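Each chain is listed here by its residues.
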Amino acid sequence: MNRKRVEIVAGVCLLVLLCAMLLPAAWAQEQKAAGETSKENEWKPEDFVMHESAGGFQVSPDGKWVVWVRTTADKEKDGRVSNLMLSSLTGKKEIQLTRGTDRNFLPKWSPNGELISFFSSKPRPKPNPDVAGTQLWFISLAGGEPWAVTEFARGMRGYEWIDNDTIIFGAQEEPTLYEREVKKKKDASRVVDDTAHEPPVRLFKFAVKEKKVTRLTDNDDWIQSWDVTRDGKKAVTVHGQYLSYAWDHKIPPKTFLYDLETGKRTELFPEGRIRPFGIQTARDNSGFYIVAPYSTDPRFFT
C-alpha cells in the first residue's frame, strides 16, 4: 500500500469517527426539541373539558345552507352549551342562530326551507312547572327571535317533518294517575325498572298551525327507535319489552311495520335474532335500511 492510499484511508476513518461522535449529540438535541414541542402541544385535562365540537349537520332542501350544532364549555355554568350555526354551502358566510347558555340541538329543516326546528332548554316566556324543560322551538330564516312551539309534560323523543304543517314525533304518554298521586304525596323514592307503572312511549302527529296532537299508535310498551316514510304513511318502530333489557338481554325488543293511515301493524323479525337500533327510510319511500348487532352468543348481543 503506498503512502497516498494510507492517507486516504486514514482520512475516511477520521471522518467516520467524527460522525459517530457528532450524530448522537445532534440526534439528542433534535429529540429534546421534539420532546419540548410535543410537551407544549400535549392535551391537558382542561383542554379535553373545554374543547369545541360540531355535529348535527342538516342540509337545507335547496342545498345552499347547512345548519349545525356548535358545542362549547361554559366555565361559569360548569357545563356544556350548544348553539345553532348556519353555514353557506355556496360562499364563505356563517351565522349564529342561537345564543346564550342553553342547550339547542337536533335541528331540522321544514320541507319548504323557511323554518328550522330544534330542541331547546331555553326557558319559555311563561314558565310552567308541569312542562318538561326541553321543548320544540322554531326559528325563521327570514329573521327574528326563535319561539317555543310545544308545551308537553314529557317533551319529545325524536321528530320528523312530513309536510310544512305536520310533524311526527315519539313521546311518553302524559303522567298517569299513579304518578300524579305519588307527586301529591311528595314521595321522592324511585323504583328502578318499574315496568308496571312506566307510561308507554308512542308515536304522535302534531299539526303545527293548529297545535293539535293526534296519537298514531296505541302500544303498551316503549318505542325506542323509529323512522317514518317521507309521505308519513308508514313507519318502522322498535319496541322495548322490558326496562332492564340493556343489562340482562332476557326479553328482546320487537320490531313492527306500521301503516299509519289504518293503524295496522305487522311484526318484523319475529324470531328475535335481529334487534335493530338504527333505522333509515329510503328516499323513494320504497323501504327502510336497518342496522342491527350480530352475535353468536345465544343470549347477549353486546
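Here, the structure is the one placed above.
Residues numbered from 1 in each chain as written. Predicted model: local features only at pLDDT ≥ 70, side-chain atom pairs only at ≥ 80, totals over all residues. Heavy atoms only, no water.

All right, on to the pattern of salt bridges then. For the coordinates displayed, the defined rule picks out seven salt bridges. With a closest N to O distance of 4.0 Å, E52 and R70 form a salt bridge. You can see E52 sitting in the loop between α2 (45-50) and β1 (53-59) and its partner R70 sitting in strand β2 (residues 65-74), a full 18 residues away along the chain. With a shortest N-O distance of 3.5 Å, R70 and E94 are connected by a salt bridge. Residue R70 is found in strand β2, and its partner E94 is found in strand β4 (residues 94-96); the two are separated by 24 residues along the sequence. Judged by relative accessible area, R70 falls into the partly exposed class, the value being 27%. (Salt bridge = Lys/Arg side-chain N within 4 Å of Asp/Glu carboxyl O. Helix = DSSP H or I, 4+ residues; strand = E, 2+ residues; numbered from the N terminus. Buried < 20%, exposed > 50% of the residue type's maximum accessible area, 1.4 Å probe, protein only.)

A few words now on unusual backbone geometry. Of note in this structure, L106 is not a glycine but carries a positive phi near 55 degrees. Among the secondary structure elements, L106 is positioned in strand β5 (residues 104-109). Its identity is not glycine, yet K211 carries a phi of approximately 55 degrees, on the positive side. Along the chain, K211 turns up in the loop between β11 (201-207) and β12 (212-215). Among the residues examined, K211 registers a relative accessible area of 53% and is labelled exposed.

Turning our attention to the packing of aromatic side chains. Enumeration according to the criterion identifies eight aromatic pairs in this entry. Ring plane angle 25 degrees and centroid distance 5.9 Å describe the contact between F57 and W68, whose orientation is recorded as stacked. With a gap of eleven residues between them, F57 in strand β1 and W68 in strand β2 connect regions that are remote in the sequence. We classify W68 as buried; its relative accessible area is 10%. Three or more aromatic residues link up through ring pairs in this structure, and these residues are F152, F169, F204 and F206. The cationic tip of R265 hangs over the ring face of F256; the distance from NZ or CZ to the ring centre is 3.9 Å. (Phe/Tyr/Trp six-rings, centres within 6.5 Å; stacked < 30°, edge-to-face > 60°. Lys NZ or Arg CZ within 6 Å of the ring centre and 35° of its normal.)

Overall, antiparallel pairing links the four strands, which are arranged β1-β2-β3-β4 in an open sheet. Strands at the two margins of the open sheet, each flanked by one partner only, are β1 and β4. Ignoring strand direction, the axes of neighbouring strands in this sheet form an average angle of 25 degrees. In terms of strand pairing, β2 meets strand β3 (residues 79-88) through ten bridges, oriented antiparallel. Of the residues in β3, the one forming a bridge with V66 is S87. (Pairing = 2+ DSSP bridges. Axes fitted to C-alpha atoms, helices over the stretch in contact; angles between N-to-C directions.)

With that out of the way, let us pick up the environment of E160. Residue position: E160 is located in strand β9 (residues 159-163). Overall, the relative accessible area of 26% leaves E160 in the partly exposed class. Sequence spacing of E160 and R230 is 70 residues, and the spatial spacing of their C-alpha atoms is 8.7 Å. Contacts of E160, omitting those with residues within four sequence positions, involve K108, T166, I167, I168, W226, D227 and V228. There is a polar contact of 3.3 Å between the side chain of E160 and the side chain of K108. (Contact = heavy atoms within 4.5 Å. Polar contact = N/O pair within 3.5 Å; in protein donor to acceptor, adjacent residues only side chain to side chain.)

Note that all results are geometric; they support no functional claim without further evidence.
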